[in-house]
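This is what each chain is made of:
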Amino acid sequence: MPERVETTTPDGVDYGWVMQTTFVVTILVGAPLVAVLSATTPLPTWADRVEFAIRVGAPVWLVTSIVVFAYARRNQT
């Protein structure tokens, strides 16, 4: 008989949910935003494209993570 799997009931914010939700929302919002903004910016080399994606994507990720964390903290059960 296999050993019983333990369960936990964490108090406070579920950081796993925050990280997963931040990842998904950042891709859903960030990828189209980077694509739209890159259409009007000259990006002749791959290095320019990577730098542009980081410069636009990092603030999107940061804002998304703060909003998701605030939501989770406010609605914790």
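What you see is a predicted model; the values in this text were computed from it and never measured.

**Quick notes on the overall build of the chain**
Per the secondary structure count, the chain includes two helices and zero strands. Its C-alpha radius of gyration of 18 Å places the chain more than 25% over the 11 Å reference for a compact globule of 77 residues. Its C-alpha atoms put the chain at 60 × 35 × 15 Å along the principal axes. Within the chain, buried positions represent 19% of all 77 residues. Relative to all contacts within the chain whose residues are 6 or more apart in sequence, the contacts with residues 24 or more apart total 69%. Surface accessibility of the chain: about 6,500 Å² in total, with carbon and sulfur atoms responsible for 66%. In the chain, the 5 positive side-chain charges and the 6 negative ones have mean positions that sit 10 Å from each other.

**Description of the UniProt feature "transmembrane region" (unreviewed entry) in the chain**
Sequence positions flagged by UniProt for "transmembrane region" (unreviewed entry) are, in local numbering, residues 17–40 and 52–72. Annotation note: span residues 52–72, helix share 100%, strand share 0%, distance between end C-alpha atoms 30 Å.

**A look at the packing of aromatic side chains**
Counted according to the given criterion, the structure contains two aromatic pairs. Measuring from ring centre to ring centre gives 6.1 Å for Y15 and F69, while their planes differ by 15°; the resulting arrangement is stacked. With Y15 in helix α1 (residues 15–38) and F69 in helix α2 (residues 46–74), the pair connects residues that are 54 residues apart, well separated along the chain. You can call F69 partly exposed: its relative accessible area is 28%. A centroid spacing of 6.1 Å and a plane angle of 35° characterise the contact between W17 and Y71, whose relative ring orientation is tilted. Highlighted residues: W17 in helix α1 and Y71 in helix α2, separated in sequence by 54 residues. We classify W17 as partly exposed; its relative accessible area is 34%. Over the ring of W46 we find R49; its NZ or CZ atom is 4.7 Å from the centre of that ring.

What counts and how
Residues numbered from 1 in each chain as written. Predicted model: local features only at pLDDT ≥ 70, side-chain atom pairs only at ≥ 80, totals over all residues. Heavy atoms only, no water. Helix = DSSP H or I, 4+ residues; strand = E, 2+ residues; numbered from the N terminus. Rg over C-alpha atoms; globule rule 2.2 N^0.38 Å. Buried < 20%, exposed > 50% of the residue type's maximum accessible area, 1.4 Å probe, protein only. Contact = heavy atoms within 4.5 Å. Areas by Shrake-Rupley, 256 points an atom, 1.4 Å probe, with all protein chains shown as cover. Lys, Arg positive; Asp, Glu negative; His and termini not counted. Charge placed at Lys NZ, Arg CZ, Asp CG, Glu CD. UniProt positions renumbered as here; feature names shortened; annotations may be inferred. Phe/Tyr/Trp six-rings, centres within 6.5 Å; stacked < 30°, edge-to-face > 60°. Lys NZ or Arg CZ within 6 Å of the ring centre and 35° of its normal.

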